[in-house]
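Descriptive structure summary
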Amino acid sequence: MGGKSVTVGVLALQGNVSEHIDAFAAAFRQRGSGEASVIEVRSPADLSGCAALAIPGGESTTISRLIDRNGLYEPIRTFPGGIFATCAGMVLMATLVADPRVHTLGLMDMTVDRNAFGRQKESFEADITVAGLDGGPFHAIFIRAPVVTSAGTGVRVLSSLDQGIVAAEKGRYMALAFHPELGGDLRLHERFLRNLGI
């Protein structure tokens, strides 16, 4: 980004908003990005100055409804920056989800199964291998997590479990079934920023 000031937005409608703000701020500090800020996004105006957007975990049906209500659906669909989507965010990025309440963004050619591992009590943690990620396995926290059951054109699978794909990327987009903002390991946040040239 050539030393210019960079802003990353976190969709602040529902879910793990503050945790993503803290994680991206820490990733910027670790990368030595002095002119960088992380802001909450609740409207198209908030999004307009951002180089990237994080769509956090939460309840995908609620976030979908609030995206529509806040006039953010088309601004996010046509957003020229990167999108870092976790858990519910992965659901929203898909082209197909078997739940008519979710108005997917259709930005990554993939079919997603919501709550693929069961209810809240079936949440778990696992050390997973992520393609191209240096430093060994990533300790992933899965909370009512989705999985990608099929991935199409241009979607690179980064990690899978028996239930399906749990990490994928396509160009400036990264979609994760787990919560990297909760574990203190910033490697995926940093990889996302590096892919954008930030």
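Residues numbered from 1 in each chain as written. Predicted model: local features only at pLDDT ≥ 70, side-chain atom pairs only at ≥ 80, totals over all residues. Heavy atoms only, no water.

Another aspect to go through is the overall build of the chain. When its secondary structure is counted, the chain shows 6 helices and 12 strands. Against the globule reference of 16 Å for 198 residues, the chain gives a C-alpha radius of gyration of 15 Å, in line with a compact fold. Reported as C-alpha extents along the three principal axes, the dimensions of the chain are approximately 45 × 40 × 30 Å. Counting the 198 residues in the chain, one finds 53% classified as buried. In the chain, the proportion of contacts linking residues at least 24 apart, taken out of those at least 6 apart, comes to 69%. Only carbon and sulfur atoms are counted for the fraction: they give 47% of the accessible area of the chain, which is about 8,400 Å². In the chain, the 18 positive side-chain charges and the 20 negative ones have mean positions that sit 4 Å from each other. (Helix = DSSP H or I, 4+ residues; strand = E, 2+ residues; numbered from the N terminus. Rg over C-alpha atoms; globule rule 2.2 N^0.38 Å. Buried < 20%, exposed > 50% of the residue type's maximum accessible area, 1.4 Å probe, protein only. Contact = heavy atoms within 4.5 Å. Areas by Shrake-Rupley, 256 points an atom, 1.4 Å probe, with all protein chains shown as cover. Lys, Arg positive; Asp, Glu negative; His and termini not counted. Charge placed at Lys NZ, Arg CZ, Asp CG, Glu CD.)

A few words now on the side chain of Glu190. Structurally, Glu190 is set in helix H6 (residues 187–195). Among buried Asp, Glu, Lys and Arg side chains, Glu190 stands out as unpaired, with Arg194 the closest opposite charge at 5.0 Å. Setting aside residues no more than four positions away along its own chain, Glu190 makes contact with Ala27, Gln30 and Arg31. (Salt bridge = Lys/Arg side-chain N within 4 Å of Asp/Glu carboxyl O.)

The next point concerns the packing of aromatic side chains. What describes a pair of aromatic rings is the distance from one ring centre to the other and the angle between the planes of the rings. Under the defined criterion, the tally for this structure stands at 6 aromatic pairs. With 4.6 Å between their ring centres and 5° between their planes, Phe124 and Phe142 make a pair best called stacked. Of this pair, Phe124 sits in strand E7 (residues 124–128) while Phe142 sits in strand E8 (residues 138–142), and the two are 18 residues apart along the sequence. (Phe/Tyr/Trp six-rings, centres within 6.5 Å; stacked < 30°, edge-to-face > 60°.)

Where side chains of opposite charge bring their charged atoms close, a pairing between them can arise. Per the stated rule, a full pass over the model turns up 9 salt bridges. A salt bridge links Glu59 to Arg144; the shortest N-O distance between them is 3.6 Å. Taken as a pair, Glu59 in the loop between strand E3 (52–55) and helix H3 (60–69) and Arg144 in the loop between E8 and strand E9 (147–151) lie far apart in primary sequence, 85 residues in all. Relative accessible area serves as the criterion here: at 18%, Glu59 is assigned to the buried category. Given the relative accessible area of 30%, Arg144 is considered partly exposed. The partner of Arg77 in a salt bridge is Glu74, with the nearest N and O atoms 3.8 Å apart. With Arg77 and Glu74 both in helix H4 (residues 73–77) and 3 residues apart, the pair spans about one turn of that helix. On the basis of relative accessible area, Arg77 is assigned to the partly exposed category, the value being 33%.

Within the secondary structure, Gln14 is located in the loop between strand E1 (6–11) and helix H1 (17–31). A residue is classified by how much of its surface remains accessible, and Gln14, at 28% relative accessible area, is partly exposed. With 121 residues separating them along the chain, Gln14 and Gly135 place their C-alpha atoms 32 Å apart. For Gln14, the contacting residues outside a window of four places in its chain are Pro56, Gly57, Gly58, Glu59, Thr62, Ile63 and Leu66. At 2.8 Å, the side chain of Gln14 and the backbone nitrogen of Glu59 are in polar contact. (Polar contact = N/O pair within 3.5 Å; in protein donor to acceptor, adjacent residues only side chain to side chain.)

We now examine the nonpolar core. If you look at the biggest cluster of nonpolar residues, it comprises 71 residues, and the most contacted ones within it are Leu11, Met93 and Phe178. Residues contacting Leu11, with those up to four places away along its chain left out, are Val17, Val41, Leu53, Ala54, Ile55, Pro56, Ile63, Ile67, Leu72 and Ile76. (Core = buried A, V, L, I, M, F, W, Y, C linked by side-chain atoms within 4.5 Å.)

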